[in-house]
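# What the coordinates show
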Amino acid sequence: MIKYRKILLVLIVIVASCKQNNKSAFDDTDRQAWWKEAVVYQIYPRSFQDSDGDGVGDIRGIISRLDYIKSLGVDMVWLNPIYVSPQKDNGYDISDYENIDPVFGTMKDFEEMVKGFHERGIKVMMDMVLNHCSDEHRWFKEARKSRNSPYYNYFHWWPAEKGEPPYRWSIFDDKGYGWEYNKATNSYYLHYFADFQPDLNWENPKVREELYKIMRYWLQKGVDGFRMDALAFISKDTTWPPLPAEYKGNWTLYYASGPKLHEYIQELNREVLSRYDVVTVAEAVGDIERVKKFVDRDRKELNMAYHFEAVDFGYQPGKYKTPDPKGWDLVKWKKIFARWDSAMVEKGWNTVYLGNHDQPRMLTRWGNDSVPYRNSAAKMLSTFILTMRGTPYYYYGDEIGMSNIKFNRIEDYKDVELLTNYAQLKSKGGDLREFLEAMKITSRDNGRTPMQWNSSVHAGFTKGTPWLPVNSNYKFVNVAAQEQDSSSVLNYFRRLIKYRKNNKILIYGSFRLVDEQNPDVFAYVRETKEKKILVALNFKNKNSYYVHDLPAEKLKLVMGNNINPSSPGTLKPYEAVIYELQ
Ligand code: TEU
C-alpha cells in the first residue's frame, strides 16, 4: 500500500511539474511583460523616407532615420509588408514571402536595418499576411493551370460544373463578389479581398506548414514580432452554407467566425510561436467575445489584438464609411473603450490606437485639424493613447500632428478599397458626390501620405515625385520645425513617453471612467494600491467642465498640453491634463 502511495506521489509531482513547464512557455503574459510596457511605432515603409528618388519610401530611408525613431523613446516598430509584391494593395498582396521587394531594397538592407534597430534597443515587428497571397505568387500561378496541379488545393475552388458558387462577399471588389472564374481549371477561386488576392486554403495541412516555415524563416532572421493581418478570416466553412440568419447584414462577422479559426491559431502557436521569443498582435475583426479568444492566455494563441469597434464608430449605417453629419457621441465612444478594457482584465491584453494605414489621420477624425486647435488636439489624442490601459500602437506622423490630405477628385486616390467601393457605388447609381465628401474624412489614403520631415520640396521625403502627394501643410507641420520648439507636438509626445515609462501605474494600474455621462470630456482614473492618476481630456473646441471623485486640493498637475493649465474640473478647448494624487 505504502509503495503504491509513493508511486502515486511521484506521479503527482511529475504531472504538476509538467503542468508548470507547459505554463511557463506563456507564463510571462500572466502579469508583467515587456510588450505590455512597450510603445509600438508603426512605419508605413512606402511613405516614411525615400532614399533613391523613385518616390517610394524604402529600407535605406528607414535606416537614415533610425536615430530619429530612437529619439522618440519607442520600444518596437511595426513595419507594413515589405515582401516581394505587385503592390496592388501596397504589399498586402505577397508574391514571395521570403524576399524583400526591390522597391524597398535588398535583404542586406533589411538585415542592416534590423541590426540598427536592435543596437538602439528597438524591436522589430513584421506584418504577416496569411489569409491570402498575390495571384502572382508561384503557388497560385501553378494552381490556376490545372486541377491536377499540386498547388490547386492551396486555394479554395468551386467547380463550374456544379453551377454558380454559393454567394460570397468581397471586401475589395468592383462588384462586391468573392468568387472569380478561372478558365484553365473551369472553376472559381475565392477571394475575400481583391480578385488579385486569392484566399489560402488553411484546410490543407501543406499550406499551414508552408506558412509556418515562412514565419520561422523570419524569426531566424531575428525579427521580434508579427502583426497578423486579417487573421480572423483564415478558417472557412467549406460546405459554403448560405449566410446564417444571425449574421444578416454583417457578413464580415461571419467571415471572422470560421469553424477552425482557433484550432489553427493554437496550432500556429504550438508549431511556431511557442518555440521563439516572439510577440504577436492580431488584426482581430469581431465583437469582444470573439476577440477575447485570441488573447486569453489560457488558450495559448496570441499576445495582443486590436479591434475595430472604436475606430469604426460614428458612421452612418448602410453607407460606406460615411460620418454621421450630427457628429459622433463621445459618451458612447467612451463606453466602447471601457467595455473592451474590462473584458481583458482577467485574461488577455488590449491595444490602444486611433490611427494606422487603414484609417484616416487621427487628428482629423477624432480631434480637430484646423489651425487654431490642431496642436492642442494632436497632443490631447497622444495623451489619450499613452495613458489608457493597453499597449499603445502609434502611427508615424501622428507625433507631429499630420492630418488628412482631403483629396477632391477620385483620380487623386490610389487605394484599392476606395476605388472598388467607388466602382460599386457608381454601378448602383449611388451618390458619388456624398461618397467623395465622406472620403475626405475617412479614406485610407489620408493616412498614407509621405512623412513630413522638413519644409524643403516634398517635405524632405523624396527627391523624385512622391507616389502619393505630400500634404501641403508640410511647410509648417514638419519634424525639423518641431525639433526647434520645446512645446511642439513632437516634444510633448516624447515627454509623454518618458512619463509613461516612469509610471508603471499607466501600464498595470486599473482603469475607471469618471463623469461617464459627460458629453465633452473623456476622464478616467488609473489606480494601483499606492497611487492614483486622473486624466482628463477635452474632446471639444470649447471650454468644458467635468466632475471627479478625488480630493481636488491633493491633485498635482504633472503633464498637460496648455501653458496656462486650468484648475481641476475645467478644461480649455482640447486641453489634456494628467494629475497625480499626492
Ligand atoms: O486589413 C484587413 C481588413 O479587415 C480591412 O478590410 C479593413 O477592414 C479595412 O482596411 C478598413 O478600411 C488588412 C490590411 O490592414 C489592409 O491594409 C489590407 O488592405 C487588407 O488586410 C488586405 O490584405
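Turning our attention to the overall build of the chain. When helices and strands are counted, the chain shows 18 helices and 20 strands. Radius of gyration (C-alpha) of the chain: 25 Å, near the 25 Å computed for a compact globule of 582 residues. Principal axes of the C-alpha set define a box for the chain whose edges measure 85 × 75 × 50 Å. Every one of the 582 residues in the chain was classed for burial, and the buried ones make up 59%. For the chain, the proportion of contacts with a sequence separation of at least 24, taken over those separated by at least 6, is 69%. Of the roughly 24,000 Å² of accessible surface on the chain, 52% is carried by carbon and sulfur atoms. Each charge class in the chain can be summarised by its mean position, and for the 82 positive and 76 negative side chains these summaries are 4 Å apart.

Here we come to the sheet that holds strand β7 (residues 179-182). Reading across from one edge, β6-β8-β7 is the order of the three strands in this open sheet, with antiparallel pairing throughout. Strands with a single pairing partner mark the edges of an open sheet, and in this sheet they are β6 (157-159) and β7. Sheet twist, expressed as the mean angle between neighbouring strand axes with direction ignored, is 30°. Pairing analysis gives four bridges linking β7 to strand β8 (residues 187-190), with the strands arranged antiparallel. For Tyr 181, the partnering residue across the bridge sits in β8 and is Tyr 188.

A separate point is the pattern of salt bridges. Scanning all chains against the criterion turns up 42 salt bridges. Across the pair Lys 504 and Glu 37 runs a salt bridge whose closest N-O atoms are separated by 3.4 Å. One end of the pair, Lys 504, is in the loop between α17 (489-502) and α18 (505-508); the other, Glu 37, is in helix α2 (residues 34-37), with 467 residues separating them in the sequence. A salt bridge links Asp 415 to Arg 444; its shortest N-O distance comes to 2.8 Å. Taken as a pair, Asp 415 in the loop between β13 (391-395) and α14 (416-427) and Arg 444 in the loop between α15 (432-442) and α16 (479-483) lie far apart in primary sequence, 29 residues in all. Judged by relative accessible area, Asp 415 falls into the buried class, the value being 3%. For Arg 444, a relative accessible area of 6% corresponds to the buried category.

Right, let's talk about α14 for a bit. Under the 1.5 Å per step criterion, the end-to-end length of α14 is 16 Å for twelve residues, consistent within 8% with the ideal 16 Å. Within α14 the residues assigned to the buried category are Val 416, Glu 417, Leu 418, Thr 420, Asn 421, Tyr 422 and Gln 424. Residues of α14 that are buried make contact with α15. Its side-chain oxygen at 3.0 Å from the backbone nitrogen of Glu 417, Asp 415 defines the N-terminal cap of α14. Downstream of α14 by a residue or two, Gly 429 has a phi angle that is positive, lying close to 75°.

The biggest cluster of nonpolar side chains holds 178 residues, and the ones touching the most others in it are Tyr 41, Ile 69, Phe 110, Trp 218, Trp 333 and Phe 522. Excluding anything up to four places from it in sequence, Phe 110 contacts Ile 59, Ile 82, Ile 100, Met 126, Trp 218, Lys 221 and Val 223. If you look at the next biggest cluster of nonpolar residues, it comprises twelve residues, including Val 514, Val 525, Tyr 546 and Val 577.

Now for the site of the ligand. Close contacts around the ligand come from 17 residues, with Asp 89, Asp 229, Lys 321, Asp 358 and Arg 444 the closest. Between the ligand and His 357 there is a distance of 2.9 Å, counted from an oxygen atom to a side-chain nitrogen or oxygen. In this structure, Glu 417 approaches the ligand through a side-chain N or O atom, which is 3.1 Å from an oxygen atom. Contact with the protein chains covers 94% of the free accessible surface of the ligand, which is 490 Å². When the residues that make up the shell around the ligand are grouped by side-chain class, the tally is five nonpolar, three polar and nine charged.

This brings us to the environment of Lys 414. As for its placement among the helices and strands, Lys 414 is situated in the loop between β13 and α14. Between the C-alpha atom of Lys 414 and that of Thr 351, which follows or precedes it by 63 residues, the distance is 29 Å. Once residues lying within four places of it in the same chain are set aside, the contact partners of Lys 414 are Leu 419, Asp 445, Trp 467 and Leu 468. In this structure the side chain of Lys 414 is engaged in a polar contact, spanning 3.3 Å, whose partner is the backbone oxygen of Trp 467.

Now for the side chain of Glu 37. Among the polar contacts made by the side chain of Glu 37, one reaches the side chain of Lys 504 at a distance of 3.4 Å. Discounting chain neighbours no more than four positions away, the residues touching Glu 37 are Gln 32, Asp 75, Lys 501, Lys 504, Ile 507 and Tyr 508.

Looking now at the domain arrangement of the chain. Interfaces are often sized by the accessible area lost when the parts come together. Split by domain assignment, the chain resolves into domain 1 (35-132 + 204-497), domain 2 (138-190) and domain 3 (510-581). Taken together, the contacts link 26 residues of domain 1 with 26 residues of domain 3. Approximately 2,200 Å² of surface area, both sides summed, lies buried where domain 1 meets domain 3, with 69% of it carried by carbon and sulfur atoms. Considering only the side of domain 1, the residues that lose the most area to domain 3 are Leu 330, Lys 334 and Met 380, jointly responsible for 27% of the buried surface there. The interface formed by domain 1 and domain 3 includes zero salt bridges. Counting across the interface, domain 1 meets domain 3 through nine residue pairs in polar contact (both at pLDDT 80 or more). Counting residues per element, the ones that place at least two in the side of domain 1 that touches domain 3 are α11 (330-343), α13 (374-387) and α17. Residues belonging to the side of domain 1 that touches domain 3 are distributed by class as follows: 15 nonpolar, five polar and six charged.

Let us look at the packing of α13 against α17. Two elements in contact, α13 and α17, have axes whose closest approach is 10 Å; the angle formed by their N-to-C orientations is 20°. As far as their axial angle goes, α17 and α13 are roughly parallel. Relative to α17, α13 is oriented so that their crossing is right-handed. Where α13 abuts α17, its residues Asn 375, Ala 378, Lys 379, Ser 382, Thr 383, Leu 386 and Thr 387 lie against Val 489, Tyr 492, Phe 493, Leu 496, Ile 497 and Arg 500. Looking at the contact of α13 with α17, its residues break down into seven nonpolar, four polar and two charged.

Definitions and limits used
In every chain, residue numbers begin from 1 and rise along the written sequence. pLDDT decides what is reported in this predicted model: residues at 70 or higher carry local features, side-chain atom pairs at 80 or more are listed and counted, and totals for whole chains, interfaces and linings draw on all residues regardless. With hydrogens and water stripped out, all remaining heavy atoms of the structure feed into the side-chain values. Starting at the N terminus, helices and strands are each numbered in turn, a helix being any DSSP run of H or I of at least four residues and a strand any DSSP run of E of at least two. In this description the radius of gyration comes from C-alpha coordinates, and the expected globular size is given by 2.2 Å times residues to the power 0.38. Under the scheme applied here, a residue whose accessible area is under 20% of the maximum for its type counts as buried, over 50% as exposed, and between as partly exposed, the area being computed with a 1.4 Å probe on protein chains only. Contacts between residues were defined by any pair of non-hydrogen atoms, one from each residue, lying within 4.5 Å. Only the protein chains shown count as covering a residue, and every accessible area follows the Shrake-Rupley method with a 1.4 Å probe. When charges are counted, neither His nor the chain ends are considered; positive counts come from Lys and Arg and negative counts from Asp and Glu. Throughout, a charge is located at the NZ atom of Lys, the CZ atom of Arg, the CG atom of Asp or the CD atom of Glu. The pairing criterion for strands is at least two bridges between them, as found by DSSP. To get an axis, a line is fitted to the C-alpha atoms, and for a helix only the part in contact is used. The angle between two axes follows their N-to-C directions and goes from 0 to 180 degrees. Salt bridge criterion: a side-chain nitrogen from Lys or Arg within 4 Å of a carboxyl oxygen from Asp or Glu. By this rule, a helix spans an expected 1.5 Å times one less than how many residues it contains. A 3.5 Å cut-off defines polar contacts: any pair of N or O atoms within that distance qualifies, except that in protein one atom must be a possible hydrogen donor and the other a possible acceptor, and neighbouring residues in sequence count only when both atoms are side-chain atoms. We call a set of buried residues a nonpolar core when its members are Ala, Val, Leu, Ile, Met, Phe, Trp, Tyr or Cys and they connect through side-chain atoms within 4.5 Å of each other. Only a single heavy atom is needed: when it lies within 4 Å of a molecule or strand, its residue is near that molecule or strand. We call Asp, Glu, Lys and Arg charged. Ala, Val, Leu, Ile, Met, Phe, Trp, Tyr, Cys and Pro are nonpolar, and the rest, Gly among them, are polar. Start and end points for every domain follow an automatic or database-based domain assignment. Accessible area, probed at 1.4 Å, shrinks when two parts are joined; the buried area is that loss added up over both. For classification, angles of less than 35 degrees are called roughly parallel, those exceeding 145 degrees roughly antiparallel, those between 65 and 115 degrees roughly perpendicular, and all remaining angles oblique. Left-handed describes a crossing whose near helix is turned anticlockwise from the far helix by less than a right angle; the clockwise case is right-handed.

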